[in-house]
Structure formats: C-alpha cells, structure tokens
Amino acid sequence: MTNAIYTASATSWGGRTGKVVTSDNKLDLDLSIPKDMGGDDGPGTNPEQLFASGWAACFHNALKATARQNKIDVSESAVTLTVNLVGSMAAGLDFEVTIEAQIPGADPATAQAAMEAAHAVCPYSRATRGNINVVLSVVTDED
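Right, let's walk through the structure included here. Only a predicted model underlies this, so the values are computations on that prediction, with no experimental measurement involved. (Residues numbered from 1 in each chain as written. Predicted model: local features only at pLDDT ≥ 70, side-chain atom pairs only at ≥ 80, totals over all residues. Heavy atoms only, no water.)

## As for the sheet that holds strand β5 (residues 92-102)
Here we have three strands laid out as an open sheet, ordered β4-β5-β6, and mixed in their pairing. Because the sheet does not close on itself, it has two edges, and the strands there are β4 (78-88) and β6 (133-139). Each adjacent strand pair in this sheet contributes to an overall mean axis angle of 20°, direction not counted. Judged from the eleven bridges that link them, β4 and β5 form a sheet pairing that is antiparallel. Bridge pairing in β5 places L85 opposite F95. The strands touched by helix α2 (residues 108-121) within the sheet are β5 and β6, with β6 carrying the most contacts at an inclination of about 145°. (Pairing = 2+ DSSP bridges. Helix = DSSP H or I, 4+ residues; strand = E, 2+ residues; numbered from the N terminus. Axes fitted to C-alpha atoms, helices over the stretch in contact; angles between N-to-C directions. Contact = heavy atoms within 4.5 Å.)

As structure tokens, this is what we get:
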C-alpha cells in the first residue's frame, strides 16, 4: 500500500440494526432499517444515508477546489447527492446516484463543466467509477 494522507476507521456492531462508531468516537450512530426495505424505520440512520453524506461532502470539496482553479465562484453553492438502492436480493443490489449542484450566478454550461471537473477528482467518484450509474445534474434558479 502507498503512504496514506489520512486514515479513517469505523466499526459496526449488529449490521443494519446495530450501531457504527469511528475509531476516534467522533461518530457514534445507531442504525435502523427503513420501512421501504422491510425495517421498522427506527430512529437510527442507515448505510445509504452515510454513503450519500460522505460522498456529497467530498464532492462539494472537489467542486470548490476545481472551481477555484477555474475562477468560478461557488461560495454559495450546495451539493445534494441521492443514493438509490436498486435491484433485488435474488438478482443483486446496486446503487444508482444523482449528484445535483446548485451554483448561483454560474450559467448552466459553466456549472456542468465544474461538476464534471469535480467528478474527475473526487475520491468517491473515482472509487465508484464504472461500478455505479451516476447522473450529474445542475440545479438552476428556475428549478
């Protein structure tokens, strides 16, 4: 393995109905299965929400970095990442993802180019490329 810049570690107990805690205890969450997946829709979060949250934050940081290089103002931007769990237990489950960015003041073509640049460098995007269907979408003031 190469020299790591940063290492994160988390442990799960009980799977989707248990809990997850990071090694530094900064994240300590109960997990619940959503009703849509046959669960009790308890008070905890779920792996898909955690995945969406992590990727959204990482993508937004990549967007800020690439936009800065291209002199695009993203100071008021927002990124929403939606994870869909698709398929079935019999056939196999997969993710489909939509990444939406709102970049006030940027024309749609510039915003789309900024998203594509971010998608090229974001570690989550790179790690999942070719394995997950991803749609990049610009949200405009008219939406």
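Moving on from the coordinates now.
## Looking at the sheet that holds strand β1 (residues 10-13)
Two pairing modes exist for strands in a sheet, parallel and antiparallel, and in both the strands are linked by backbone hydrogen bonds. Within the open sheet, the three strands sit side by side as β1-β2-β3. Their pairing is antiparallel. In this open sheet, the two edge strands, each paired with only one partner strand, are β1 and β3 (28-30). Between one strand axis and the next, the sheet turns by 15° as a mean value, whatever way the strands run. Judged from the four bridges that link them, β1 and strand β2 (residues 19-22) form a sheet pairing that is antiparallel. Along β2, the bridge assignment pairs T11 with V21.

## Regarding the packing of aromatic side chains
Enumeration over the complete set of coordinates arrives at four aromatic pairs. Ring centres 6.1 Å apart and planes at 50° place the aromatic pair F51 and Y124 in the tilted group. With F51 in helix α1 (residues 47-69) and Y124 in helix α3 (residues 123-128), this residue pair connects regions lying 73 residues apart in the sequence. Accessibility expressed as a relative area gives 30% for Y124, which makes it partly exposed. Cluster of aromatic residues (ring-pair linked, three or more members): F51, W55, F95 and Y124. (Phe/Tyr/Trp six-rings, centres within 6.5 Å; stacked < 30°, edge-to-face > 60°. Buried < 20%, exposed > 50% of the residue type's maximum accessible area, 1.4 Å probe, protein only.)

## Considerations on the layout of surface pockets
Taken as a whole, the largest pocket encloses approximately 280 Å³ of empty space. A10, S12, G15, R16, V20, T22, L27, L31, P47, L50 and Y124 are the residues that line the largest pocket. When residues of the lining of the largest pocket are traced back to their parent elements, those giving at least two are β1, β2 and α1. In this structure, the second largest pocket encloses a volume near 160 Å³. Lining the second largest pocket, in full, are A4, I5 and Y6. (1 Å grid on protein atoms, 1.4 Å probe; cavity = no way out; pocket = protein on both sides within 12 Å on 5 of 7 lines; lining within 4 Å. Points joined across faces, edges and corners; volume = space filled by probe spheres on them.)

## A look at α1
Taking 1.5 Å of rise per residue, the 23 residues of α1 would be expected to cover 33 Å, and the 33 Å separating its terminal C-alpha atoms lies within 8% of that figure. Of the positions making up α1, those classed as buried are E48, F51, A52, W55, A56, F59, H60, A62, L63, T66 and A67. Among the structural elements, β4, β5, α2, α3 and β6 are those in contact with the buried residues of α1. Looking at where α1 begins, the residue whose side-chain oxygen comes 3.0 Å from the main-chain nitrogen of E48 is N46. Once α1 ends, the next one or two residues include K71, with phi positive near 55°. (Expected span 1.5 Å × (residues − 1). Polar contact = N/O pair within 3.5 Å; in protein donor to acceptor, adjacent residues only side chain to side chain.)

## Comments concerning the pairing of β5
Joining the antiparallel neighbours β4 and β5 is a turn of three residues. Bridge count for β5 against β6 is seven bridges, and the pairing is parallel. In the sheet register, V97 faces β6, and the bridge partner there is V134.

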